Amino acid sequence: MRILSAPELAALQRSPLPLAVLLEMDLGSGPLNLNTASLDLTVDGAVYYGTRGLGKIEPVQDSPAEIRPLKFELSGVPSSAIALALTEPVQGRAARIKLALFDPDSYQVLGVHLRWAGRLDVMAIEDGPLAATLQVTAEHAAIDLLRSTPSFYSDSEQRRLYSGDPSLQFMADQVDMRVIWPAASWRP
C-alpha cells in the first residue's frame, strides 16, 4: 500500500503534473542515475542526469500469472561512448525505477516512491552512422520467487549444509509409518 502525504496528493490534483521518472542502475564502475526530464535533477543528494527526450522505459506490465522483463533504451549515444558501454558488465546488476513528485510552485521534491526493482540482464547496442542506441533488459526482483531451490529435506542434504546435525536422520524411516494419536482422555 502506498501512502502519499497531503502535499503530494495536492500536487497530483494540479496540471501539469510535476513528476519525473528516475532510473538507478548500480553498475560496476559506479551508480548511473538517469531521469526523464530535460535537465539534471538532484534528489536526496544524488544527481540524476536528464535524458532530454532520448531515453525510454517500457511501461511496467506485470500480471499475477506472469512477470515480464522491462526494457530501458538510450538513443543518441555518441560513438566514443560505445567502447565504454562494451566494457561495462551489466548482467546481474541492480536497477530501480522511482517516481519523484515535485511541488508545482517551487519544484522542490515532495517525495520519491519506488515503482519497480530488479536486476539487469542483457545489453544490446545498435550502432548508427552518427550515434548509437543502447538497450538493456531487466528482470523484476520477484522472478527469484519463481525459481526452485535445489535443496532436499533429507539427512544427507542437512549434513552437507550443517555438518554434525542429525535432526533428519530418522526422516526416511518415518515416511510410511502409521502414527496413532491417543484419545483426549488418555493420561500418561
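Residues numbered from 1 in each chain as written. Predicted model: local features only at pLDDT ≥ 70, side-chain atom pairs only at ≥ 80, totals over all residues. Heavy atoms only, no water.

Novice: Sorry if this is basic, but what is going on with the side chain of Glu88 here?
Specialist: With respect to the element layout, Glu88 can be found in the loop between helix H2 (82-87) and strand S7 (94-102). Among buried charged residues, Glu88 stands out as having no salt bridge; its nearest opposite-charge side chain is Arg93, 5.1 Å away. Polar side-chain contacts of Glu88 include one of 2.8 Å to the side chain of Ser29. Once you skip the residues sitting within four places of it in the chain, Glu88 turns out to touch Leu27, Gly28, Ser29 and Met123. (Helix = DSSP H or I, 4+ residues; strand = E, 2+ residues; numbered from the N terminus. Buried < 20%, exposed > 50% of the residue type's maximum accessible area, 1.4 Å probe, protein only. Lys, Arg positive; Asp, Glu negative; His and termini not counted. Salt bridge = Lys/Arg side-chain N within 4 Å of Asp/Glu carboxyl O. Polar contact = N/O pair within 3.5 Å; in protein donor to acceptor, adjacent residues only side chain to side chain. Contact = heavy atoms within 4.5 Å.)

Novice: Explanation requested: the packing of aromatic side chains in the structure shown.
Specialist: Two numbers describe a pair of aromatic rings. These are the distance of the centres and the angle of the planes. Counted by the stated rule, this structure contains 1 aromatic pair. Look at Phe72 and Trp116: their rings are 6.3 Å apart centre to centre, the planes differ by 80°, and that puts the pair in the edge-to-face class. Remark: Trp116 occurs in strand S8 (residues 109-127) and Phe72 occurs in strand S6 (residues 70-78); sequence separation between them is 44 residues. Phe72 gets classed as buried once you look at its relative accessible area, which sits at 5%. Classification of Trp116 by relative accessible area gives buried; the value is 2%. (Phe/Tyr/Trp six-rings, centres within 6.5 Å; stacked < 30°, edge-to-face > 60°.)

Novice: Explain the pattern of salt bridges to me, please; I cannot follow it from the model alone.
Specialist: All told, the structure shown has 5 salt bridges when counted by the stated rule. For Lys98, the salt bridge identified is with Glu24, shortest N-O distance 3.3 Å. One end of the pair, Lys98, is in strand S7; the other, Glu24, is in strand S1 (residues 19-27), with 74 residues separating them in the sequence. On the accessibility criterion, Glu24 (8% relative accessible area) is buried. Across the pair Arg160 and Glu157 runs a salt bridge whose closest N-O atoms are separated by 2.7 Å.

Novice: Honestly, the pairing of S6 in this entry has me stumped. Any pointers?
Specialist: On any regular strand, side chains alternate: one points to one face of the sheet, the next to the other face. Sheet topology places strand S5 (residues 55-57) next to S6; 3 bridges connect them, and they run antiparallel. Looking at the pairing, Lys56 lines up with Glu73 of S6. Pairing geometry for S6 and strand S9 (residues 131-140), over 7 bridges, is antiparallel. What sits directly across from Glu73, in S9, is Gln135. (Pairing = 2+ DSSP bridges.)

All we've got here are geometric facts, nothing functional implied.
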